[in-house]
Amino acid sequence: WGKEDTEILDFYRAITKARREEKIFADGTVSFVYADADILCYERRRRGEMVVVLINRGHDIYEFHADCKGKDLVSGAESREFMLGAESFIWIKLPDGVDYNVFVTIQKNKIK
């Protein structure tokens, strides 16, 4: 005890807080949008709200560009561009009434 990895603990606290605060994770509908060998993308919807879940199981970094601002529910950052790191995920809350097709460009960057 007392030698815990604080970075991992902080990460789990952040995702637990986001999941607890966003009711969409408790009773929102799920629709799978895209899948390939490394990327899985699905959306959760609830009463006009929408969260896009992007999961990267590969070793490449992906960049997503949107026509509107979204909010990363883990970091709290708001942007039109989101980086999806290798072997990671991101939860992006979009403004009410916006559809998933706001993501117009996906760039893959090789890790060197």
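Refer to the structure presented above.
In this text, all values refer to a predicted model and were calculated from it rather than measured experimentally.

Caption draft 1: Region of the structure containing unusual backbone geometry. In this structure, Arg 47 takes a positive phi of about 45 degrees despite not being glycine. Mapped onto the elements of the fold, Arg 47 is located in the loop between strand S2 (39–46) and strand S3 (49–56). Within the chain, Glu 87 stands out as a residue other than glycine whose phi angle is a positive 50 degrees. Within the element layout of this structure, Glu 87 appears in the loop between strand S5 (78–84) and strand S6 (88–94).

Caption draft 2: Broad picture of the packing of aromatic side chains. Inspection of every chain in the model, using the stated rule, returns 5 aromatic pairs. Seen from their ring centres, Phe 11 and Tyr 12 are 5.5 Å apart, and the 75 degrees between their planes marks the pair as edge-to-face. Residue Phe 11 is classed as partly exposed on the basis of its relative accessible area, which comes to 34%. Owing to a relative accessible area of 49%, Tyr 12 belongs among the partly exposed residues under this scheme. Ring geometry for Phe 11 against Phe 89: centres 5.9 Å apart, planes inclined by 65 degrees, an arrangement best described as edge-to-face. Taken together, the positions of Phe 11 in helix H1 (residues 6–21) and Phe 89 in strand S6 put the pair 78 residues apart, joining distant regions of the chain. Linked through ring pairs, Phe 11, Tyr 12, Phe 25, Phe 89 and Trp 91 together constitute an aromatic cluster.

The rules behind each value
- Residue numbering note: each chain is counted from 1, following its sequence as written.
- In keeping with the predicted nature of the model, local features appear solely for residues at pLDDT of at least 70, side-chain atom pairs appear and are counted solely at 80 or more, and the whole-chain, interface and lining totals rest on all residues.
- In computing side-chain properties, one takes all heavy atoms of the structure into account and sets aside hydrogens as well as water.
- A run of H or I in DSSP becomes a helix once it reaches four residues, and a run of E becomes a strand once it reaches two; helices and strands are each numbered from the N terminus.
- The aromatic pairing rule takes the rings of Phe, Tyr and Trp, using the six-membered ring of Trp, and pairs them if the centres are within 6.5 Å, calling planes under 30 degrees apart stacked, those over 60 edge-to-face and the rest tilted.
- Three exposure classes are used, based on accessible area relative to the maximum for each residue type with a 1.4 Å probe and protein chains only: buried under 20%, partly exposed in between, and exposed over 50%.

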